[in-house]
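# Examination of the molecular architecture
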Amino acid sequence: MPNPDLSVRRYREADLDAVIAVFQRAVRETAARDYDPVQIAAWSTVDRTRWRERRGSRPTWVAVRHGMVVGFSDLEPDGHLDMMFVDPGHQGAGIASRLLATVESAAREGGLLHLFTEASRTARPFFERRGFQLVAEQQVELRGATLTNFRMRKLL
Ligand SMILES: CC(C)(COP(=O)(O)OP(=O)(O)OC[C@H]1O[C@@H](n2cnc3c(N)ncnc32)[C@H](O)[C@@H]1OP(=O)(O)O)[C@@H](O)C(=O)NCCC(=O)NCCS
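Residues numbered from 1 in each chain as written. Predicted model: local features only at pLDDT ≥ 70, side-chain atom pairs only at ≥ 80, totals over all residues.

## Details of helix H1 (residues 16-30)
Between its first and last C-alpha, H1 extends 21 Å over 15 residues, near the 21 Å set by a 1.5 Å rise per residue. Along its buried surface, H1 packs onto helix H2 (37-44), helix H3 (48-56), strand E2 (60-65), strand E3 (68-74) and strand E4 (84-86). (Helix = DSSP H or I, 4+ residues; strand = E, 2+ residues; numbered from the N terminus. Expected span 1.5 Å × (residues − 1). Contact = placed C-beta atoms within 7 Å.)

Next comes the structure, spelled out in structure tokens:
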């Protein structure tokens, strides 16, 4: 999927506010079609200090287009992909696919045999298109709201 304006690089601490903004826009504008307003409010609430710690605690990659952070993803040591978010103005351009390819090659280099994630209703079709299979539907409690998501797994 060649896209000369798009690059993927490792996250650095100066990207913190940009990734939070991408996350909140993706949840409030895109995922909002699949969840109700109470669920979206709970999901999109951010504790900046926790976010700073989490981003620093695991490899995170950002997608950059025209000098702007437009998406990000990450990988925990056990193969858990926790985050996959693309700015609504840049969706459908292969950005999540580029990020996933980066996560997958890092996982393979680290000797992992599979990836797993908890996909939102919104992201499930994306993960299915990229080879993830459904393991279980689950209900998650988050700041007083209950959200449905899907545990999915991909063998590498
Ligand atoms: C899900 C998300 C990350 C996809 O990002 P994206 O950059 O638009 O994805 P891509 O352009 O790489 O799409 C890759 C493929 O998935 C498909 N796809 C992506 N989103 C889809 C959707 N909602 N429904 C159906 N297919 C979808 C695309 O058609 C494309 O297919 P193809 O290239 O094989 O024809 C993005 O929509 C997003 O941030 N959503 C809101 C936040 C969210 O729910 N994040 C995940 C939390 S688990």
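Next comes the rest of the description.
## Focus: the sheet that holds E2
Spatial strand order, E1-E2-E3-E4: 4 strands in an open sheet with antiparallel pairing. Every interior strand has two partners, whereas the edge strands, strand E1 (6-10) and E4, have only one. Direction aside, the axes of adjacent strands within the sheet are offset by 20 degrees on average. As defined by bridge partners, E1 adjoins E2 across 5 bridges and the pair is classed as antiparallel. (Pairing = 2+ DSSP bridges. Axes fitted to C-alpha atoms, helices over the stretch in contact; angles between N-to-C directions.)

## So, the nonpolar core
With 33 residues, the main nonpolar core has Phe72, Met84, Phe85, Leu99 and Val103 as its most contacted residues. If you list the elements that add at least two residues to this core, you get H1, H2, E2, E3, E4, helix H4 (95-109), strand E5 (114-119) and strand E7 (145-155). Contacts of Phe72, omitting those with residues within four sequence positions, involve Tyr11, Val19, Val22, Thr60, Trp61, Val62, Ala63, Met83 and Phe85. (Core = buried A, V, L, I, M, F, W, Y, C linked by C-beta atoms within 7 Å. Buried ≥ 20, exposed ≤ 12 C-beta atoms within 10 Å, placed from the backbone.)

## What to know about the pairing of E3
Burial of E3 is extensive: 5 of the 7 residues sit out of reach of the surface. Note: E2 against E3, 6 bridges, orientation antiparallel. Looking at E3, one finds that Val62 is bridged to Phe72. In this antiparallel pair of consecutive strands, E2 and E3, the connection spans 2 residues, and His66 shows a positive phi of 50 degrees. Relative to E4, E3 runs antiparallel, the two sharing 3 bridges. Counterpart to Gly71 in the pairing with E4 is Val86.

## Here we look at the packing of H1 against H2
At a closest axis distance of 10 Å, the pairing of H1 and H2 adopts a crossing angle of 175 degrees. Here H1 is positioned roughly antiparallel relative to H2, judged by the angle of their axes. Listed contacts from H2 to Gln24, Val27 and Arg28 of H1 are Ile40, Trp43 and Ser44. (Parallel < 35°, antiparallel > 145°, perpendicular 65-115°, else oblique.)

## Quick word on the environment of Gly94
With respect to the secondary-structure elements, Gly94 resides in the loop between E4 and H4. Taking the C-alpha atoms as reference, Gly94 lies 8.5 Å from Asn3; in sequence the two are 91 residues apart.

## Quick word on the site of the ligand
Near the ligand there are 21 residues, and of these Gln91, Ala96, Ser97, Ala123 and Pro125 occur at the shortest range. Among the elements of the structure, H1, E4, H4 and helix H5 (124-129) are those that each provide at least two residues to the shell around the ligand. In terms of residue class, the shell around the ligand is made up of 13 nonpolar, 7 polar and 1 charged. (Near = placed C-beta within 6 Å. Nonpolar A, V, L, I, M, F, W, Y, C, P; charged D, E, K, R; others polar.)

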